[in-house]
Amino acid sequence: MPPLPIIIDCDPGIDDAIALAMTIASIELDLVAVTTTYGNVGIEKTTKNALRILQSFDSNAPVYVGAHQAILGEAINAAAYHGPNGMEAPGLQESTRKPEHKHAVTFLIDELMQRPDKLTVVALGPLTNIALALRLEPRITGRINRIVLMGGSPDYGNDSPSAEFNMLCDPYAAQIVLASGIPIDMFGLNVTHKVIATPAEIAAIRKIGNASSTIVADMIGFFESVYVKRYGFAGAALHDPCTIAFLLQPQLFQMKAMHVEVDTNLGLNFGRTVSDIWGLTGRTKNVNLAMDVDSGGFFDLLRSRLSLLN
């Protein structure tokens, strides 16, 4: 089979970097481009980080700069988790490349409308770029094979009592995307908090012994300290790489179709994803939601792909 063409919309971010590394190492995937958004840190830093990651892991995929804040409201960030630069990774090269001149939203529309084949969009940050593209050119709904996104949770939040960070960044954009009719596979905190990089997992990654595995182990080590201190976890939760693992080995995940909406009412539930697990509303099942994961299988896959990099 030919490789699956994908665009990754992201806000690097440590776990974004690991997702990109897995993608670059996988011949099953064709990374057409990377579009950047605000999120973990500001747009200038996420773009710089994307370029550093691609250069360090030997990818020539173009990078397009996107939205710098939500459709409504001020930008928030997760620098407390990822560090002030969003990427505490001394082994990453400084990029000699520049981003493309075209805006990410314009690129998404042009690429989707001009290609003879459909694209899969992998969304690892706030959904602002994708929502803006859908509003500017609704016909792209028929040009997207599916959206595979990290975000939300059917139970609790991580950046508010009820909302996951990516959804909280721009609930209005998230609701536009979820209501678009595009097939969506969603990986929320209920599953990503089961993919924990413990010290033993970090040591196993470091043992691979190449430059890329050392970079990844160093990044996860920084991430780990934050998760242990803030949540009492046994290690770092690897959220974003779940999307790539799903594209490569979907059998690692248990999925369930259901209706999901995002609460856009200001208050404690702002940004919460409301998941109709039992089908009580009778509304259209618009999301394939991850319900469980084979964590051991995930880390086997991660190590096998990192071993293919330099």
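Residues numbered from 1 in each chain as written. Predicted model: local features only at pLDDT ≥ 70, side-chain atom pairs only at ≥ 80, totals over all residues. Heavy atoms only, no water.

1. Quick look at the overall build of the protein
A tally of regular secondary structure across the protein gives 12 helices and 11 strands. What you see for the protein is a C-alpha radius of gyration of 18 Å, in line with the 19 Å of a compact globule of 310 residues. Dimensions of the protein, computed from C-alpha atoms along their principal axes, come out at roughly 50 × 45 × 40 Å. For the protein, the proportion of its 310 residues judged to be buried stands at 58%. Across the protein, the fraction of contacts at a sequence separation of at least 24, relative to all contacts at a separation of at least 6, is 82%. Taken as a whole, the protein presents about 12,300 Å² of accessible surface, with 53% of it coming from carbon and sulfur. (Helix = DSSP H or I, 4+ residues; strand = E, 2+ residues; numbered from the N terminus. Rg over C-alpha atoms; globule rule 2.2 N^0.38 Å. Buried < 20%, exposed > 50% of the residue type's maximum accessible area, 1.4 Å probe, protein only. Contact = heavy atoms within 4.5 Å. Areas by Shrake-Rupley, 256 points an atom, 1.4 Å probe, with all protein chains shown as cover.)

2. Let's talk about the sheet that holds strand E4 (residues 119-123)
If you trace the 9 strands from one edge of the open sheet to the other, you get E3-E2-E1-E4-E5-E6-E11-E9-E10, paired in mixed fashion. Lying at the two open borders of the sheet, with one neighbouring strand each, are strand E3 (63-65) and strand E10 (273-276). Mean inter-strand twist for the sheet, computed between neighbouring axes without regard to direction, equals 30 degrees. Of the strand pairs in this sheet, strand E9 (residues 253-262) and strand E11 (residues 287-293) are connected by 6 bridges, and their pairing is antiparallel. Along E11, the bridge assignment pairs Lys256 with Leu289. Running at roughly 150 degrees to strand E2 (residues 29-36), helix H4 (residues 104-114) makes contact with strand E1 (4-10), E2, E3, E4 and strand E5 (144-150) of the sheet. (Pairing = 2+ DSSP bridges. Axes fitted to C-alpha atoms, helices over the stretch in contact; angles between N-to-C directions.)

3. Re the packing of helix H1 (residues 14-24) against helix H10 (residues 211-231)
Interhelical geometry of H1 versus H10 gives an angle of 155 degrees and a closest axis separation of 10 Å. If you check the angle between H1 and H10, you find them roughly antiparallel. For the crossing formed where H1 meets H10, the hand is left-handed. Contact residues: H1 offers Ile14, Asp15, Ala17 and Ile18, while H10 offers Val216, Met219, Ile220, Phe222 and Phe223. Partitioning the contact of H1 with H10 into residue classes produces 8 nonpolar, no polar and 1 charged. (Parallel < 35°, antiparallel > 145°, perpendicular 65-115°, else oblique. Left-handed = near helix turned anticlockwise from the far one by under 90°. Nonpolar A, V, L, I, M, F, W, Y, C, P; charged D, E, K, R; others polar.)

Read these as geometric descriptors, not functional statements.
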